[in-house]
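Overview (structure and organization)
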Amino acid sequence: MKVLKFGGTSVGSAQRMKNVAALINDGTQKIVVLSAMSGTTNTLVEITDYLYKKNPEGANDVINRLAAKYGQHVNELYATEEYRTKTQHFMRDQFSYLSSFTKDVFTPFEEKVILAQGELISTNMMTNYLKEQGLDVVLLPALEFMRTDKDGEPDLEYIKEKLLAQLALHPNADLYVTQGFICRNAYGEVDNLQRGGSDYSASLIGAVLQAEEIQIWTDIDGMHNNDPRIVDNTTPVRHLQFEEAAELAYFGAKILHPTCIQPAKFANVPVRLLNTMDPSAEGTTISNQAECGAAHIKAVAAKDNITAIKIKSGRMLLAYGFLRKVFEIFESYQTSIDMICTSEVGVSVTIDNTRHLNEIVADLKQYGTVTVDNDMCIICVVGDLEWENVGFEAKAIDAMRDIPVRMISYGGSNYNISFLIKELDKKRALQSLSQFLFL
Ligand code: ADP
Ligand code: ASP
Ligand code: MG
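To start, this report covers the structure provided alongside it. (Residues numbered from 1 in each chain as written. Chains lettered and ligands numbered in written order. Predicted model: local features only at pLDDT ≥ 70, side-chain atom pairs only at ≥ 80, totals over all residues. Heavy atoms only, no water.)

Side note on the pattern of salt bridges
Our working rule: In what follows, salt bridge is the name for a side-chain nitrogen of Lys or Arg lying within 4 Å of a carboxyl oxygen of Asp or Glu. Helix and strand definitions here come from DSSP, where helices need a minimum of 4 consecutive H or I residues and strands a minimum of 2 consecutive E residues; each element is numbered from the N-terminal end. The cut-offs for exposure are 20% and 50% of the maximum accessible area for each residue type, with area from a 1.4 Å probe on protein chains only; residues under the lower value are buried, those over the upper are exposed, and the others partly exposed.
Tallying each qualifying case throughout the model produces 19 salt bridges. Note that Asp352 is salt-bridged to Lys303, the shortest N-O span being 2.8 Å. Placement of Asp352 in the loop between β13 (346-351) and α12 (357-364) and of Lys303 in strand β11 (residues 297-312) is noted, with a sequence separation of 49 residues between them. In this structure Asp352 comes out as partly exposed when scored by relative accessible area, which is 32%. Residues Arg324 and Glu328 are paired through a salt bridge, measuring 3.1 Å at the closest nitrogen-oxygen approach. Remark: Glu328 and Arg324 occur in helix α11 (residues 322-332); sequence separation between them is four residues, near one turn of the helix. Within this structure, Lys303, Asp338 and Asp352 form a network of salt bridges that share partners.

The structure is reproduced here in structure tokens:
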């Protein structure tokens, strides 16, 4: 069985939903994971913002606007009175439920419930549409099988057991539809897998079912060799290993949520990135298989909002245990480090979570002189860069020759070279890398 995930833009209008329905209705049984219609989760966040600020009027305004928009979608989507009315009733209940939150105390628990509504609505709309088309379609409620444990990690055994039980109730269905993003936590409360987390839902479902393939359908024809929002003339990469995709996703390639790599990799289920706007395009296949042929640089990505911290100390010279002490400070503030560069007299690291920056800097001052650079950006160059292959580092560094580079990291894996630069130079750096490496 295949698992197909369609993101917000792919289901962003009644017409797009019809296109997705046509695409999945090919006579083979599959599990379809849907995001909320594009913009909806942001609007739900706006509603929660008003509610936290104790402004029910503001929240109701946004709720009413959203309800009107969905009213239009429903009118456009269904051809029969039966399904239009049925879905209108569903919407009415859904939006009056949303309005009920304006009358009560508001806590993170209610916030999570509100954020879950986008996926609950889109899957209901799609299921009703497929039923209207005469298909035997089953809506699998994610809140009954998708669960995280006490550490916030997916509870794979629970997910597998409950999902298989749900599937067993309807073994002969044509299609199964379920919600991405939403789950319950270890205490049974409604929760989610973080923004953009529908990719993660699809990967978890594909992994526990040992699916034939996980397909992530979006609005572009696969992983491009550079960020298409910033650089012109980017082209799709046909094949990536999971590690390469993980580096790109983590370092800013928005097409894929970084969390979705690990479950698929461990279950050895290939992930394909495909384009809803151009379904016949080849897309990108991500698997455990190394590509045949010569090694090469495949793609670059950039991650903003990086802070660099340098600790300079004579005490590091010929001493052991210095790095451990430095790292323990970051660990004690649950702050993970992305890049590291060391010399005999100093160490520089980068972080993207600055919640405890002041405390970290204060503690580091026990060990040396500390300097902080804000508004930095990591540029990540990815490929099968086995160290005995010559020339790749030189090529990447050559592309950066006009850009001030604060740190370079290479050799941590076979898959990437990373540069730390100013955010201001990001566009120039990405353009130059495309020019030197791909054009
Ligand atoms: P969805 O809503 O389907 O999850 P996303 O917006 O999360 O879609 O991801 C798709 C977007 O990712 C594309 O429209 C594209 O602008 C952006 N993107 C950023 N970097 C890359 C890249 N290297 N390759 C392809 N798309 C990328
Ligand atoms: N709807 C959620 C979001 O916008 C999840 C997703 O689309 O992946 O973040
Ligand atoms: Mg996405």
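Back to the text.
Some thoughts on the site of ligand 1
Here is the rule: Consider each residue's heavy atoms; a residue with any of them within 4 Å of a molecule or strand counts as near. A 3.5 Å cut-off defines polar contacts: any pair of N or O atoms within that distance qualifies, except that in protein one atom must be a possible hydrogen donor and the other a possible acceptor, and neighbouring residues in sequence count only when both atoms are side-chain atoms. Polar here means any residue other than Ala, Val, Leu, Ile, Met, Phe, Trp, Tyr, Cys and Pro, which are nonpolar, and Asp, Glu, Lys and Arg, which are charged; Gly is therefore polar.
By nearness alone, 17 residues border ligand 1, and Lys5, Thr218, Asp219, His224 and Lys254 come closest of all. In this structure, Thr218 approaches ligand 1 through a side-chain N or O atom, which is 2.8 Å from an oxygen atom. A distance of 2.7 Å separates an oxygen atom of ligand 1 from a polar atom in the side chain of Lys254. Grouping the amino acids of the shell around ligand 1 by side-chain chemistry returns five nonpolar, seven polar and five charged.

So, the environment of Met407
We count it as follows: Every residue pair with non-hydrogen atoms within 4.5 Å of one another is taken to be in contact.
Mapped onto the fold, Met407 is located in strand β15 (residues 405-410). Measuring from C-alpha to C-alpha, the distance between Met407 and Cys341 comes to 6.9 Å, with 66 residues separating the pair along the chain. Leave out the neighbours within four places in its chain, and Met407 touches Met339, Ile340, Cys341, Ser348, Val349, Thr350, Ser418, Phe419 and Leu420.

So, the sheet that holds β15
For the record, the criterion: A pair of strands is labelled paired if DSSP reports no fewer than 2 bridges between them. Helix axes are fitted only over the stretch in contact, all axes being lines through C-alpha atoms; the angle between N-to-C directions runs from 0 to 180 degrees.
Spatial ordering of the open sheet is given by β12-β13-β11-β14-β16-β15, a layout of six strands whose pairing is antiparallel. Strands at the two margins of the open sheet, each flanked by one partner only, are β12 (337-343) and β15. If you compare each strand with its neighbour and ignore which way they point, the axes differ by 30 degrees on average. With seven bridges joining them, strand β14 (residues 369-383) and strand β16 (residues 416-422) adopt antiparallel strand pairing. Residue Met376 lies in a different strand from β16, and its bridge partner there is Lys422. Contacts between helix α13 (residues 392-399) and the sheet are confined to β11, β14, β15 and β16, with β16 contributing the most and set at about 20 degrees to the helix.

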